[in-house]
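Below, each chain spelled out in residue letters.
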Amino acid sequence: MLRVGLTGGIAAGKSVVAGRLAELGAVVVDYDVLARDVVAPGTTGLASVVEAFGPGVVAPDGGLDREALAGVVFADAAALARLNAIVHPLVRREAAQREADAAAAGRSVVVHDVPLLVETGDPASFDAVVVVEAPADVRLERLVAERSMTPEQARARMAAQASDAERRAAASVLLDGSGTVDGLRAQVDALWRSWVRTAVEEAPAQGADDVEEGRPEQGAAPSPPDVVPVTVLVTGFEPFGGRTVNASWEAVERLGRLWAGPERVVVERLPVAFGAGPARLRELVTRLRPALVLGVGEAGGRRVVSLERVALNLADARIPDTTGAAPVDEPVVAGGPTAYLASLPVKACAAAARATGVPTEVSHTAGTYVCNATFYALLHHLEALDGVRGGFVHVPVELDDGTDPDDDAQRLALALAAVVRTALDVGVDLRTTAGTLD
Ligand SMILES: CC(C)(COP(=O)(O)OP(=O)(O)OC[C@H]1O[C@@H](n2cnc3c(N)ncnc32)[C@H](O)[C@@H]1O)[C@@H](O)C(=O)NCCC(=O)NCCS
Ligand SMILES: Nc1ncnc2c1ncn2[C@@H]1O[C@H](COP(=O)(O)OP(=O)(O)OP(=O)(O)O)[C@@H](O)[C@H]1O
């Protein structure tokens, strides 16, 4: 079962996403609903809240006066913490029960719709964390127009929640809730297709007996569509040489978050090691069966993005890798051909990256260090796999083109997305020259 956490700031569009996921066949556990259930009339939850906040939060009908309680807690952080301490454990217990019920019923996707996932939950405990985003002013307008809040009430509620940046940091998928409802639902559809693809890959092979017995249960997730999206594997490298970040992973990780399908992009981080880097990449290719593999590495001395065209069967290390290995003039693959050419339309890919505004060139040397070794080992491995495309991109540590360096990772991620899109869509490369005289 795929366990998904769904979150977003108030009025970002979470309910729209949850509603569409439910239509598509997911079990949705709505924490706002559970938070109401656990303080319904006659519950110990309600008794605890009244004990903590006094009779002023009881409505004439004996139920909770939600507006009165909201007025108290969203004006006073300590009071809010007290309320959360009463309600959240009860909600968590209920949610765990709903998930167990879904698992027992054989459902394949359960979505925990949690407004406060980042604040109080444990995002890392989910297989995927979907964050819906919309700018604060748009959300404020929605709250005033559609939920009859005053601007002050809306601001107080937003101030009690995590920031966009905090939610983003926890996201494995970002959805844009600032446009139309239909647009947001379409983003959910693309996401769902990528999950269906994952489930199909991970399902054990079905025997004939299973098919006979396999009458779908009523309400179960719809069967997978005939055409499933392809998988794209994109790798970056871990930090190296005493630095805490590696520009390649910063960009690749962002790419994984902003990619909106329909293909599934899987991002992975490789060790900077002549042996372990290529080995890990081969293992990932075997497991994920991608249609396209793009390696991304950092090139300290370069100022532009390079679409690598040539992988050399040569390892010549100026400094040791992270395992201390420093091969000099050794082949990457003993007995392998001297070089391979990338099986991407590199010129078209470079043009597409350039069109995003990031300076990009076609390069004819990927160096002789771990990046080249990984690139070579990848192309060598793909030789035996029919039709799987492979390539490599070097990104600079800083773009250094007069733009804000804080934006580099995002700009590089968009350039990489353009490379991936082009590598998937373009069969024959451009007939323009990218040759050099030096
Ligand atoms: C204070 C209460 C009574 C106000 O009720 P009201 O009907 O106005 O809002 P409702 O419960 O429908 O929540 C609407 C939205 O407010 C935001 N919100 C709710 N509780 C909180 C909170 N504790 N902290 C920050 N934001 C919150 C969420 O975005 C939520 O989707 C209620 O929100 C509550 O009991 N909150 C504590 C429980 C909680 O944290 N719920 C969130 C999911 S566990
Ligand atoms: N592109 C959009 N996506 C989602 N909602 C939209 C969009 N455009 C307008 N809306 C409206 O904005 C509101 C968003 O509220 P919604 O209930 O989806 O928010 P939410 O993220 O679930 O908030 P909460 O934290 O209260 O659960 C809805 O009433 C919806 O009709």
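Residues numbered from 1 in each chain as written. Chains lettered and ligands numbered in written order. Predicted model: local features only at pLDDT ≥ 70, side-chain atom pairs only at ≥ 80, totals over all residues. Heavy atoms only, no water.

- An unreviewed UniProt entry lists the protein under the name Dephospho-CoA kinase, with Actinotalea ferrariae CF5-4 as the source organism.
- What the UniProt record of the protein gives under Pathway (unreviewed entry) is the line "Cofactor biosynthesis; coenzyme A biosynthesis; CoA from (R)-pantothenate: step 5/5." (UniProt positions renumbered as here; feature names shortened; annotations may be inferred.)

## What about the overall build of the protein?
And step 1. On a plain count of helices and strands, the protein comes out with 16 helices and 13 strands.
And step 2. Principal-axis analysis of the C-alpha atoms places the extent of the protein at approximately 85 × 60 × 40 Å.
And step 3. Summarising the internal contacts of the protein: among those between residues at least 6 apart in sequence, 79% fall at separations of at least 24.
And step 4. For the protein, the exposed surface amounts to about 21,300 Å²; the carbon and sulfur share of it is 53%.
And step 5. Measuring between centres, the 40 positive side-chain charges of the protein sit 2 Å from its 59 negative side-chain charges. (Helix = DSSP H or I, 4+ residues; strand = E, 2+ residues; numbered from the N terminus. Contact = heavy atoms within 4.5 Å. Areas by Shrake-Rupley, 256 points an atom, 1.4 Å probe, with all protein chains shown as cover. Lys, Arg positive; Asp, Glu negative; His and termini not counted. Charge placed at Lys NZ, Arg CZ, Asp CG, Glu CD.)

## Let's talk about the site of ligand 2
And step 1. Lining the immediate surroundings of ligand 2 are 17 residues, of which Lys14, Ser15, Glu146, Arg147 and Gly179 lie closest.
And step 2. Here a nitrogen atom of ligand 2 sits 3.1 Å away from a polar atom, N or O, in the main chain of Thr180.
And step 3. Among the elements that take part in the shell around ligand 2, helix H1 (residues 14–24) stands out by supplying three residues, more than any other.
And step 4. Partitioning the shell around ligand 2 into residue classes produces six nonpolar, six polar and five charged. (Near = heavy atom within 4 Å. Polar contact = N/O pair within 3.5 Å; in protein donor to acceptor, adjacent residues only side chain to side chain. Nonpolar A, V, L, I, M, F, W, Y, C, P; charged D, E, K, R; others polar.)

## So, the nonpolar core
And step 1. Among the nonpolar cores identified, the biggest contains 61 residues, and Val234, Leu294 and Val393 are the most heavily contacted of them.
And step 2. Discounting residues that sit within four places of it in the chain, Val393 has contacts with Leu294, Gly295, Val296, Gly297, Val305, Ser306, Leu307, Leu416 and Val419. (Core = buried A, V, L, I, M, F, W, Y, C linked by side-chain atoms within 4.5 Å. Buried < 20%, exposed > 50% of the residue type's maximum accessible area, 1.4 Å probe, protein only.)

## Focus on the UniProt feature "active site" (unreviewed entry) in the protein
And step 1. In the numbering adopted here, UniProt assigns the feature "active site" (unreviewed entry) to Glu308.
And step 2. As for its placement among the helices and strands, Glu308 is situated in strand E9 (residues 305–308).
And step 3. Residue classification places Glu308 among the buried positions, given a relative accessible area of 0%.
And step 4. Apart from residues lying up to four places away in sequence, Glu308 is in contact with Arg302, Ala342, Val346, Ser363, His364, Thr365, Ala366, Phe375, Phe392 and His394.
And step 5. Within the local environment of Glu308, its side chain forms a polar contact with the side chain of Arg302, the two groups lying 2.7 Å apart.

## Remarks on the site of ligand 1
And step 1. The local shell around ligand 1 holds 20 residues, among which Asp32, Arg66, Asn84, His88 and Gln161 are the closest.
And step 2. Between an oxygen atom of ligand 1 and a side-chain N or O atom of Arg66, the distance comes to 2.9 Å.
And step 3. Taking 750 Å² as the accessible area of ligand 1 by itself, protein coverage stands at 91%.
And step 4. Where the shell around ligand 1 is concerned, the elements lending two or more residues are helix H2 (31–37), helix H4 (66–73) and helix H5 (77–104).
And step 5. A total of five residues in the shell around ligand 1 trace back to one element, the largest contributor, which is H5.
And step 6. When its residues are assigned to classes, the shell around ligand 1 shows 13 nonpolar, three polar and four charged.

## So, the domain arrangement of the protein
And step 1. Structurally, the protein comprises domain 1 (2–194) and domain 2 (231–425).
And step 2. Placing a centre on the C-alpha atoms of domain 1 and another on those of domain 2 gives a separation of 39 Å.
And step 3. Tallying the contact residues gives nine residues for domain 1 and five residues for domain 2.
And step 4. Together domain 1 and domain 2 conceal approximately 550 Å² of surface at their shared face, both sides included; 47% is due to carbon and sulfur atoms.
And step 5. Where domain 1 touches domain 2, the interface holds three residue pairs in polar contact (both at pLDDT 80 or more).
And step 6. Elements that contribute at least two residues to the side of domain 1 that touches domain 2 include exactly helix H9 (164–170), strand E5 (173–176) and helix H10 (181–202).
And step 7. Here the side of domain 1 that touches domain 2 gets three residues from one element, more than from any other, and that element is H10.
And step 8. Its residues placed into classes, the side of domain 1 that touches domain 2 shows five nonpolar, two polar and two charged. (Domains from an automatic or database assignment. Buried area = accessible area lost by both parts, 1.4 Å probe.)

## Some points on the pattern of salt bridges
And step 1. Evaluation of the coordinates by the stated rule reveals 18 salt bridges.
And step 2. A salt bridge links Arg98 to Glu94; the nearest nitrogen and oxygen atoms lie 3.2 Å apart. With Arg98 and Glu94 both in helix H5 and four residues apart, the pair spans about one turn of that helix.
And step 3. A relative accessible area of 35% places Arg98 in the partly exposed class.
And step 4. For Glu94, a relative accessible area of 27% gives the class partly exposed.
And step 5. Notably, a salt bridge pairs Arg303 with Asp400, separated by 3.0 Å at the nearest N-O pair. Of the two residues, Arg303 is situated in the loop between strand E8 (292–299) and E9 and Asp400 in the loop between strand E13 (389–396) and helix H16 (408–425); the sequence distance between them amounts to 97 residues.
And step 6. Classification of Arg303 as partly exposed rests on a relative accessible area of 43%. (Salt bridge = Lys/Arg side-chain N within 4 Å of Asp/Glu carboxyl O.)

## Details of the packing of helix H7 (residues 136–146) against helix H8 (residues 151–159)
And step 1. Closest axis-to-axis distance for the H7/H8 pair is 9 Å, and the angle between their directions is 130°. As the angle between them shows, H7 and H8 are arranged oblique. For H7 against H8, the interelement crossing comes out right-handed. Here H7 contributes Ala136, Arg139, Leu140, Leu143 and Val144 to the contact with H8, which in turn contributes Pro151, Ala154, Arg155 and Met158.
And step 2. Along the lines of polarity and charge, the residues of the contact of H7 with H8 split into seven nonpolar, no polar and two charged. (Axes fitted to C-alpha atoms, helices over the stretch in contact; angles between N-to-C directions. Parallel < 35°, antiparallel > 145°, perpendicular 65-115°, else oblique. Left-handed = near helix turned anticlockwise from the far one by under 90°.)

## Digging into the pairing of strand E1 (residues 2–8)
And step 1. Burial analysis of E1 places five of its seven residues in the buried class, which makes it a mostly covered element.
And step 2. Across five bridges, the pairing between E1 and strand E4 (residues 128–133) is parallel. In the strand pairing of E4, Gly8 is matched with Val132. (Pairing = 2+ DSSP bridges.)

## Some details on the environment of Glu253
And step 1. If you trace the backbone, Glu253 turns up in helix H12 (residues 247–258).
And step 2. It is 27 Å that separates the C-alpha atoms of Glu253 and Thr180, two residues lying 73 residues apart in sequence.

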